[in-house]
Amino acid sequence: MADPTAPSFGAIIIGDELLSGRREDKHLGKVLELLKARGLRLASVRYVGDERPRLVRTLQESFASPDVVFSFGGIGATPDDHTRQAAAEALGLPLALHPEAEAEIRARFGDETTPQRLQMGVYPQGSEIIPNPYNRIPGFSIRNHFFVPGFPVMAWPMVEWVLDTRFAHFHHRSDYVESSIIVWEAFEGQLIDFMERITADFPDATLFSLPSVGGEGGRRHIELGMKGPAAQVAAAMDLISAEMTRRGYPWEPAGSL
């Protein structure tokens, strides 16, 4: 059963290069991996370009929710980086150089510290820093939103640090698992009656059905499974696999696909 006190997690992934196709996003898959390893789940994800008005609106909506949100990208000091400024505008707060961020930046650059480099430590007033183990240029957090760079080598350890220092008490507290099988050569329409029965018999769990038409040498199949409390999922999957066998459909565990 889900922990009613556990937060919902979201992600905002920022960058024109992602929306234009110049780069492929890698953050979503990693966030899913990091959360799953801790028994946590992602509830939402948004992609936004480097357009400050749209970014401000996105952050206003996000700050108005109770979700814990990781924001990737746009926190540098170049003219196309707008995330720090957009976050301040969305919250109606002034920007200020954070003293801990300033200390980290000066420690990183020494005599080569410039006003431009110090801009990377300017955040909405009241922010806290997120340590950056790669190059010591911190990210920042405010109102349960955690802003990290777009570079995976920096962003992913920073997200892990947040999850393990700020939200460790929520790790693996929910009774939640997912399990599924691959049912070969099946059509969803042929299984709707059975899926409706399973849904009614296991109201605390959720059935999912992901069809594939095959193509390019692949075979038509449905990934059929359950997610929710472990005992309910196990019982439901026993019935699902037995029914697929009874109906004459070949099937195998989804992990072997």
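Everything that follows concerns the structure shown earlier in this document.
Scope of this entry: the structure provided in the associated data block. Given the structure is predicted, the values throughout are model-derived calculations rather than measurements.

## Brief notes about helix 3 (residues 52–63)
Point 1. The end-to-end C-alpha distance of helix 3, which contains 12 residues, comes to 16 Å, matching closely the 16 Å that a straight helix rising 1.5 Å per residue would cover.
Point 2. Within helix 3 the residues assigned to the buried category are L55, V56, T58, L59, S62 and F63. Projected down its long axis, helix 3 carries its buried residues within an arc of 165°, all on one side.
Point 3. Buried residues belonging to helix 3 abut strand 1 (9–14), strand 2 (42–48), strand 3 (68–72), helix 4 (83–91), strand 7 (139–142) and strand 8 (145–148).

## Section: the sheet that holds strand 11 (residues 221–228)
Point 1. Within the open sheet, the 4 strands sit side by side as 10-11-9-12. Their pairing is antiparallel. Of all the strands in the sheet, the pair left with one neighbour each is strand 10 (206–212) and strand 12 (251–253). Across the sheet, the axes of successive neighbouring strands diverge by a mean angle of 20°, strand direction being ignored.
Point 2. In this sheet, strand 11 lies alongside strand 9 (residues 177–184) in antiparallel orientation, the contact comprising 8 bridges.

## Points about a nonpolar patch on the surface
Point 1. Nonpolar side chains collect at one region of the surface, where L19, V45 and Y47 lie side by side and expose about 260 Å² of accessible area between them.
Point 2. Examined against the element boundaries, L19 turns out to sit in helix 1 (residues 16–20).

## Topic: the pairing of strand 3
Point 1. Most of strand 3 sits out of view: 5 of its 5 residues are buried.
Point 2. The alternating pattern of strand 3 places V68, F70 and F72 on one face and V69 and S71 on the opposite face, and all of these are buried.
Point 3. As judged from the 5 bridges shared by strand 1 and strand 3, these two strands associate in the parallel manner. When the bridges of strand 3 are listed, I12 appears paired with S71.
Point 4. Two elements, strand 3 and strand 8, share 4 bridges in a ladder whose sense is parallel. The partner of F72 across the bridge, within strand 8, is V148.

## Here we look at the packing of helix 2 (residues 27–36) against helix 7 (residues 152–166)
Point 1. Contact pair helix 2 / helix 7: the axes reach a minimum separation of 11 Å and the direction vectors enclose 25°. Considering the angle they form, helix 2 stands roughly parallel to helix 7. The handedness of the crossing between helix 2 and helix 7 is right-handed. Contacts from H27, K30, L34 and L35 in helix 2 reach P152, A155, W156, V159, E160 and L163 in helix 7.
Point 2. By residue class, the composition of the contact of helix 2 with helix 7 is 7 nonpolar, 1 polar and 2 charged.

## Focus: the pairing of strand 11
Point 1. Of all the 8 residues making up strand 11, 6 are buried; the element is thus mostly covered by neighbouring parts of the structure.
Point 2. Bridge count for strand 10 against strand 11 is 7 bridges, and the pairing is antiparallel. Among the inter-strand pairings, L207 is bridged to a residue of strand 11, identified as M226.

About the criteria used
For every chain, the first residue of the written sequence is number 1, and numbering continues from 1 onward in sequence order. Totals for whole chains, interfaces and linings use all residues, but because this is a predicted model, local features are given only for residues with pLDDT of at least 70 and pairs of side-chain atoms are given and counted only at 80 or more. Note that water and hydrogens are dropped before the side-chain values are worked out from all heavy atoms of the structure. The helix count covers DSSP runs of H or I at least four residues long, the strand count covers runs of E at least two residues long, and both are numbered beginning at the N terminus. One less than the number of residues in a helix, times 1.5 Å, gives the span that helix is expected to have. Each residue is placed in one exposure class: buried if its accessible area under a 1.4 Å probe, protein chains only, is under 20% of its type's maximum, exposed if it is over 50%, and partly exposed if it falls in between. Here the arc refers to the directions that run from the helix axis out to each C-beta atom. It only takes one pair of heavy atoms within 4.5 Å for two residues to be counted as in contact. Strand pairing is assigned whenever DSSP detects at least two bridges linking the two strands. Every axis in this analysis is a line fitted to C-alpha atoms, fitted for helices over the stretch in contact. Angles between the N-to-C directions lie between 0 and 180 degrees. Note that patches include only residues with greater than 30% relative accessible area and no salt bridge, and the join distances are 9 Å for like charges and 5 Å for nonpolar side chains (Val, Leu, Ile, Met, Phe, Trp, Tyr). All accessible areas in this document rest on Shrake-Rupley with a 1.4 Å probe, and a residue is counted as covered only by the protein chains that are shown. We define a salt bridge as a contact between a side-chain nitrogen of Lys or Arg and a carboxyl oxygen of Asp or Glu at a distance within 4 Å. Every angle not falling under 35 degrees, over 145, or within 65 to 115 is termed oblique; those three ranges are roughly parallel, roughly antiparallel and roughly perpendicular. Each crossing gets its hand from how the near helix is turned against the far one by less than a right angle, where anticlockwise is left-handed and clockwise is right-handed. For this scheme, ten residues count as nonpolar: Ala, Val, Leu, Ile, Met, Phe, Trp, Tyr, Cys and Pro. Four count as charged, namely Asp, Glu, Lys and Arg, and the remainder, Gly too, count as polar.

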